[in-house]
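# What the coordinates show
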Amino acid sequence: MELQGPQEPFDIEWGDVVYSVFPEEKDVYIVFKNGEEYLKIIKDTDSSWLKLNPETELPLFGMDEEVNFIGQKILEEQGSSS
């Protein structure tokens, strides 16, 4: 497991919802919604993100608009902090 560099958690807003994103490993993020752990996502490609199964941490394949939105915002955040 390769750990991220010194990245700080950050927030993403989508409408009335605020997600708090915590970098975990390389390309893996824990997402909190309304103060509760909501999901863990992993970068698949530059435009595709996958939700991880909460029990096995294996990728769950399938299109998920919310997961891809959060992933794109993560990429934007990384670009602005470089």
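Whatever comes next refers back to the structure up there.
As a starting point, this report considers the structure included with it. (Residues numbered from 1 in each chain as written. Predicted model: local features only at pLDDT ≥ 70, side-chain atom pairs only at ≥ 80, totals over all residues. Heavy atoms only, no water.)

## Let's talk about the sheet that holds strand S4 (residues 36–45)
Read from one edge of the open sheet, six strands run S1-S2-S3-S4-S5-S6, paired in antiparallel fashion. Single-partner strands in this sheet number two, and they are strand S1 (10–14) and strand S6 (59–60). Here S1 runs beside strand S2 (residues 17–23); their pairing, made up of five bridges, is antiparallel. Counterpart to Ile12 in the pairing with S2 is Tyr19. (Pairing = 2+ DSSP bridges. Helix = DSSP H or I, 4+ residues; strand = E, 2+ residues; numbered from the N terminus.)

## Thoughts on the environment of Val18
Along the polypeptide, Val18 turns up in strand S2. The exposure class of Val18 is partly exposed, given its relative accessible area of 35%. In this structure the C-alpha to C-alpha distance between Val18 and Gly35, which are 17 residues apart in sequence, comes to 9.0 Å. Beyond its immediate chain neighbours, meaning those up to four positions away, Val18 contacts Asp11, Ile12, Glu13, Phe32, Lys33 and Asn34. (Buried < 20%, exposed > 50% of the residue type's maximum accessible area, 1.4 Å probe, protein only. Contact = heavy atoms within 4.5 Å.)

## Re the pattern of salt bridges
Evaluated as defined, the whole model comprises seven salt bridges. The salt bridge involving Glu66 is made with Lys33; its shortest N-O contact spans 3.8 Å. Placement of Glu66 in helix H1 (residues 65–81) and of Lys33 in strand S3 (residues 28–33) is noted, with a sequence separation of 33 residues between them. Bridged by salt links that share partners, the residues Glu24, Lys40 and Glu57 form one connected network. (Salt bridge = Lys/Arg side-chain N within 4 Å of Asp/Glu carboxyl O.)

## Notes on the layout of surface pockets
Computed from the structure, the largest pocket encloses a volume of approximately 150 Å³. As for the largest pocket, its lining consists of Glu37, Tyr38, Leu39, Lys40, Lys51, Leu52, Asn53, Pro54 and Glu57. No other element matches the four residues that S4 contributes to the lining of the largest pocket. Of the residues assigned to the lining of the largest pocket, the class counts are four nonpolar, one polar and four charged. (1 Å grid on protein atoms, 1.4 Å probe; cavity = no way out; pocket = protein on both sides within 12 Å on 5 of 7 lines; lining within 4 Å. Points joined across faces, edges and corners; volume = space filled by probe spheres on them. Nonpolar A, V, L, I, M, F, W, Y, C, P; charged D, E, K, R; others polar.)

## Overview of the nonpolar core
Listed in full, the 12 residues of the largest apolar core are Phe10, Ile12, Tyr19, Val21, Tyr29, Val31, Leu39, Ile41, Trp49, Val67, Ile70 and Ile74. At the level of secondary structure, the elements contributing two or more residues to this core comprise S1, S2, S3, S4 and H1. The biggest single contributor to this core is H1, with three residues. Those residues in contact with Trp49, other than ones at most four positions away along the chain, are Asp27, Tyr29, Ile41, Ile42, Lys43, Asp44, Val67, Asn68, Gly71, Gln72, Ile74 and Leu75. (Core = buried A, V, L, I, M, F, W, Y, C linked by side-chain atoms within 4.5 Å.)

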